[in-house]
Amino acid sequence: MSQSTDLARAQQRFARRQRLVRWRGWLPWTVGGLVVVLGGITVWLFYFSSVFAVSGVKVSGADTVPVATITQVAEAPTGTPLVKVDLAAIAERVRTIQAVADAQVTRAWPNQLKIVVTERVPVVVVTDGSNFELVDATGVAFKTVPARPEGLPEALVVGSRRDVTIRSVVTVSAALPVKLRSEVESISAASPDSITLNLGSTVKVVWGSSDDSARKAEVLSVLMRREAKVYDVSAPDLPVTKGEKK
């Protein structure tokens, strides 16, 4: 009785070992098959299904530029899987909006695009006597307004080299100390080399070109300790004042 029992147990152990050997042989194939299936499902979900397709756009950073304008220019490919969307192309389209200095586009899973815009900030308003253009720190005129905005120096720019002159005016304005900039009522510029600041109705600062603007601003701060009608810092090493009060 005991011998038959031992034999049965041995046969059972042998059978289990055989099943284990067969299972170990099939395990790599099983795992590989599962990986292929899961990979196929993943590719289908992200690249071909509508589960992760673009259904809308989120815009942030827009203050003066209408969100509707941004989304229209962006031309987000609604219904296209997110992974297939050309983010750089969308960003380039948004940057064509004059008032937008920069744009970044990212994927907002599961089915949104996020556009973050950086708007241009005006530092001076340029006029030819009738139109008023807002100009940012890079010298780009990005918006025309019907009247001069408060808090910005006005630059009357004439002449053929208008774009270069505007950039020179912006350079000069940026070099001025905040307090002095607030006192500038207007800037006259017939060329990049003939810039004049008008402080009130009687005081003028002959600046010349935008070269050495930081140095000129320092010299002007010292000169203005004396009351005068004209401060000439076009040659900062040889500044001149005229109409000084005794």
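Since we're looking at a predicted model, the values are computed, not measured.

## Things to note about the nonpolar core
Step number 1: By size, the foremost hydrophobic cluster in this structure holds 27 residues, and its most contacted members are Val169, Ile195, Leu197, Val205 and Trp207.
Step number 2: Going through the elements one at a time, β4 (122-127), β7 (154-157), α4 (162-175), β8 (186-189), β9 (195-199), β10 (203-208) and α6 (213-223) are the ones with two or more residues in this core.
Step number 3: Apart from the residues lying within four places of it in its own chain, the contact partners of valine 205 are Ile195, Thr196, Leu197, Leu199, Leu220, Tyr231 and Val233.
Step number 4: Ranked by size, the runner-up nonpolar core spans 24 residues in total, among them Val85, Ile90, Val117 and Phe132.

## A word on helix α3 (residues 87-95)
Step number 1: Taken as a whole, α3 has its buried residues at Leu87, Ile90, Ala91 and Val94. One side of α3 holds all its buried residues, which, seen down the axis, span an arc of 100°.
Step number 2: Buried positions along α3 lie against α2 (67-74), β2 (100-108) and β3 (112-119).
Step number 3: One side-chain oxygen of the residue at the start of α3 lies 3.3 Å from the amide nitrogen of alanine 88, identifying that residue as aspartate 86.

## Brief notes about the side chain of arginine 120
Step number 1: Checked against the element boundaries, arginine 120 lands in the loop between β3 and β4.
Step number 2: A polar contact is formed between the side chain of arginine 120 and the backbone oxygen of glutamine 98, at a distance of 2.9 Å.
Step number 3: With residues near it in sequence (within four places) discarded, arginine 120 still touches Gln98, Ala99, Val100, Ala101, Asp136, Thr138, Val140 and Phe142.

## Thoughts on the sheet that holds β3
Step number 1: As summarised here, the arrangement of the three strands in space is β1-β3-β2, forming an open sheet in which the pairing is mixed. Looking along the sheet, the strands with just one partner apiece sit at the ends: β1 (56-60) and β2. The mean inter-strand angle of the sheet, taken between neighbouring strand axes irrespective of direction, is 20°.
Step number 2: Looking at chain direction, β2 and β3 are connected through eight bridges and run antiparallel.

Conventions and cut-offs
Residues numbered from 1 in each chain as written. Predicted model: local features only at pLDDT ≥ 70, side-chain atom pairs only at ≥ 80, totals over all residues. Heavy atoms only, no water. Core = buried A, V, L, I, M, F, W, Y, C linked by side-chain atoms within 4.5 Å. Buried < 20%, exposed > 50% of the residue type's maximum accessible area, 1.4 Å probe, protein only. Helix = DSSP H or I, 4+ residues; strand = E, 2+ residues; numbered from the N terminus. Contact = heavy atoms within 4.5 Å. Arc of directions from axis to C-beta. Polar contact = N/O pair within 3.5 Å; in protein donor to acceptor, adjacent residues only side chain to side chain. Pairing = 2+ DSSP bridges. Axes fitted to C-alpha atoms, helices over the stretch in contact; angles between N-to-C directions.

Keep in mind that these numbers describe shape and distance, not what the molecule does.
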